[in-house]
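In case you want the letters, here they are:
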Amino acid sequence: MSSHSPQASPAGIARRDFVLSAVAGTSFFGRKSPQPLGPIVISVNAMLDGWAHSGKGLGEGELLAFKRYQEKARREYAISGILFDIHVVEGAYLRTQGYSEIPEKFLAPKMINLFVTDTLGYDIDRDRTGGCSIGPRPRRPGFAGDPFYKTFLGLRNAGETTLEHEYAHHFTLDTRRAPTAVRNSWADLRNDYLLWRQRRGVPILEFRACASSDWAKFQETS
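Since we're looking at a predicted model, the values are computed, not measured. Think of each chain on its own: its residues are numbered from 1, step by step along the sequence as written. Whole-chain, interface and lining totals are the exception, using all residues; otherwise, since this is a predicted model, local features are given only for residues with pLDDT of at least 70 and side-chain atom pairs are given and counted only at 80 or more. Where side-chain values are given, they derive from all heavy atoms of the structure, hydrogens and water being excluded.

Participant: Whenever I open this one, the environment of Met-111 confuses me. Can you help?
Facilitator: A run of DSSP states H or I qualifies as a helix once it reaches four residues; a run of E qualifies as a strand once it reaches two. Both are numbered from the N-terminal end. Here Met-111 is to be found in the loop between β4 (100-101) and β5 (112-117). To sort residues, take the accessible area from a 1.4 Å probe on protein chains only and compare it with the maximum for the residue type: under 20% means buried, over 50% means exposed, and anything in between is partly exposed. Using a relative accessible area of 13% as the deciding quantity, one classes Met-111 as buried. Counting along the chain gives 24 residues from Met-111 to His-87, while the straight-line C-alpha distance between them is 9.4 Å. Only heavy atoms enter the contact rule, under which two residues are in contact if any of them lie within 4.5 Å. Once you skip the residues sitting within four places of it in the chain, Met-111 turns out to touch Ser-43, Val-44, Asn-45, His-87, Tyr-149 and Trp-215.

Laid out in structure tokens, this is it:
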């Protein structure tokens, strides 16, 4: 659910950031927290698509791109006291039978399940942003419940900020709420603004709302 736009002029950037500040309802000159934040460790189950490119798997360039995106997310979220514990699973795949589904044998409880592939199907990524995040879904008539938190990353369409944007949907608890078009648009705008502030060295307490999630835990300190 990331958005991409052509590079704007400095004046355009300033105006856009001011608008984002007003919409988010926070100070444009956000203050840094005077106290160090206790680290929160996020467990991620990173599944690399072994069926990409007709069964050849992801190429070296794609794997390097994913590592670059994850390193960028690690570096920037550390500002807010958020760390990552990444477990990599190779040879995973998406089952496509009218809709895309990760076989349950690759999914892990108490983790964010991150599926990394070359390109996502339109049922997951209709707007071709390269990313999508979803949370647990309750059982309903004709459909089994799904207890897993998931993020899908399609490297062909993803940009430098797509992965951190998708993580933000989990960290701000968007994926615990029933999605609607209006709610998704608001969440995208808010999260992009919070990420903009974080890149400028401001710890974002909204991202630490995830501390109660079963895939997050406070790091023990001696």
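Next comes the rest of the account.
Participant: How should I be thinking about helix α3 (residues 60-77) in this particular structure?
Facilitator: Since the α-helix advances by 3.6 residues per turn, residues separated by three or four positions end up pointing in the same direction. How far a helix is expected to stretch is found by multiplying one less than its residue total by 1.5 Å. An ideal rise of 1.5 Å per residue puts 26 Å on 18 residues; α3 measures up with 26 Å between its terminal C-alpha atoms. Buried within α3 we find Glu-62, Ala-65, Phe-66, Tyr-69, Gln-70, Lys-72, Ala-73, Glu-76 and Tyr-77. Buried residues of α3, viewed axially, fall in a sector of 155°; they line one side. Turned more than 90 degrees away from the buried face of α3, the exposed residues are Glu-60, Gly-61 and Lys-67. Working note: the arc is built from the helix axis to C-beta atom directions.

Participant: In this structure, what is going on with the side chain of Gln-70? I would like to understand it.
Facilitator: Among the structural elements, Gln-70 can be located in helix α3. Beyond its immediate chain neighbours, meaning those up to four positions away, Gln-70 contacts Phe-84, Ile-86, Leu-163 and Tyr-167.

Shape is all these values report; function is a separate question.
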